[in-house]
Amino acid sequence: MRRALIAANWKMFLNRESGTQLAMALAKKTADVEDRDILICPAAPLLSDVSAAIQGSRIQLGGQNMYFEKEGAFTGEVSADMLLSVGCTHVLLGHSERRHVFGEDDTLINKKVLFALESGLKPVLCVGELLEEREAGNTEKVVHRQVVKGLENVDALAQITIAYEPVWAIGTGKTATPEDAETVQAYIRKTVADIYSTDIADNLRILYGGSVKPDNIGGLMAKGNVDGALVGGASLKADSFYDIIRFT
Ligand code: PGA
C-alpha cells in the first residue's frame, strides 16, 4: 500500500566532483528500479551539479535544511525557492544534527515544515530520542512531542514523510532492532491517527534511520510500519546505497 522510499543523507561529505560522480553512478545503477522511490540529499553547494547528474533518472533530489523566510538578510541560510530552483522536491527538516548540534527546537522546525509545504517542497520531518531519553523510558514522550509540535497547523499530510531516527543509532553502528523501530514507528502512526485520521496515518510513510546498512535493511523493511530508510554513512558509496535500495 505504501511505496518504499530509500533516502540518502550525504550530510557534510563529498564535494562537487565526488558528489557528481556518486550521483551519476547511482542514476545508472537504479535505471531499472521501478517499484520504490529514491531520494538523495546532498549538501547545498552540490545540489546543482547533482541535479544535472540525475536528470532523466528515477532519483529525486532534496535539501538537507532550509530557512522559513522567503528571502532576506539571513547569511548562511538556504531558501525554499533556491532548493526548488535547482530541482529539489524534498527537504530534510529537524534532522537530529540540526536539533542537537545547531540547537533547532520544535517551534523553529514547525515553521520550516509549514514554509516548505507552502513553497511546494515535501518535508521529511526527522524525529528521535537521545540515549538518555530512551534509558529514562521517555522515548514515546519525546517522539510524541516532536511529531505533534513539528506538524502543528499542518492540515494535510500527503506531502509529508516522517523519519524516525533514534539519536543513539545515528552514525554509531548501533542500529535499533527491527522490533524497536517497529514499536516506535507504530506509535508514531497511532499519534498521527489520533490527530488526523486513520486513513491519513495509513498513507503516511515513516522511514527508519540510524546505521542502516545493506545487511540490516531487510529485517527493518520486513516490519509493517517501516516504509523506507534514511541512510547516512552507507549512502556515500554507490554499491552500498544500491544494495540498500535493492533490499529485496
Ligand atoms: P547513519 O545516518 O546512517 O550514518 O547512521 C543516518 C542519518 O543521520 O540520517
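The coordinates are above.
What counts and what doesn't
- Residues numbered from 1 in each chain as written.
- Predicted model: local features only at pLDDT ≥ 70, side-chain atom pairs only at ≥ 80, totals over all residues.
- Heavy atoms only, no water.
- Helix = DSSP H or I, 4+ residues; strand = E, 2+ residues; numbered from the N terminus.
- Expected span 1.5 Å × (residues − 1).
- Buried < 20%, exposed > 50% of the residue type's maximum accessible area, 1.4 Å probe, protein only.
- Near = heavy atom within 4 Å.
- Polar contact = N/O pair within 3.5 Å; in protein donor to acceptor, adjacent residues only side chain to side chain.
- Areas by Shrake-Rupley, 256 points an atom, 1.4 Å probe, with all protein chains shown as cover.
- Salt bridge = Lys/Arg side-chain N within 4 Å of Asp/Glu carboxyl O.
- Phe/Tyr/Trp six-rings, centres within 6.5 Å; stacked < 30°, edge-to-face > 60°.
- Lys NZ or Arg CZ within 6 Å of the ring centre and 35° of its normal.
- Axes fitted to C-alpha atoms, helices over the stretch in contact; angles between N-to-C directions.
- Left-handed = near helix turned anticlockwise from the far one by under 90°.
- Contact = heavy atoms within 4.5 Å.
- Nonpolar A, V, L, I, M, F, W, Y, C, P; charged D, E, K, R; others polar.

Caption draft 1: Spotlight on helix α8 (residues 178-195). Taking 1.5 Å of rise per residue, the 18 residues of α8 would be expected to cover 26 Å, and the 26 Å separating its terminal C-alpha atoms lies within 8% of that figure. Residues of α8 that are buried: Ala181, Glu182, Val184, Gln185, Tyr187, Ile188, Arg189, Thr191 and Val192.

Caption draft 2: Fine view of the site of the ligand. Inspection of the region around the ligand gives 13 residues, with Lys11, His95, Glu165, Gly171 and Ser211 positioned closest. Ser211 is positioned with one of its backbone polar atoms (N or O) 2.8 Å from an oxygen atom of the ligand. When the free accessible area of the ligand is taken as 290 Å², the share hidden by the protein chains comes to 96%.

Caption draft 3: Seen up close, the pattern of salt bridges. Applying the stated rule across the entire model yields 18 salt bridges. Between Glu34 and Arg58 there is a salt bridge; the shortest N-O distance is 3.5 Å. Here Glu34, found in the loop between α1 (16-29) and β2 (36-41), pairs with Arg58, found in the loop between α2 (47-53) and β3 (59-63); they are 24 residues apart in sequence, far enough to count as distant. Using a relative accessible area of 53% as the deciding quantity, one classes Glu34 as exposed. Taking relative accessible area as the criterion, Arg58 reaches 41% and is therefore assigned partly exposed. Between Arg134 and Asp180 there is a salt bridge, and its shortest N-O distance comes to 4.0 Å. You can see Arg134 sitting in helix α6 (residues 131-135) and its partner Asp180 sitting in helix α8, a full 46 residues away along the chain. Overlapping salt bridges, with partners in common, bring together Arg2, Arg189 and Asp227 in one network.

Caption draft 4: Focus on the packing of aromatic side chains. One pass over the structure, following the stated rule, counts three aromatic pairs. One residue, Arg36, lies across the ring of Phe247, its end atom 4.4 Å from the ring centre. Lying over the aromatic face of Phe102, Arg98 brings its terminal NZ or CZ to 4.1 Å of the ring centre.

Caption draft 5: Just the packing of α1 against helix α11 (residues 238-245), in detail. It is the contact of α1 with α11, at a shortest axis distance of 10 Å, that shows an interaxial angle of 35°. In this structure, α1 meets α11 at a crossing whose hand is right-handed. On α11, the residues that touch Leu22, Ala25, Leu26 and Lys29 of α1 are Ala238, Asp239, Phe241 and Tyr242. Among the residues making up the contact of α1 with α11, the classes are represented as six nonpolar, no polar and two charged.

In short, shape yes, function no, at least from these values alone.
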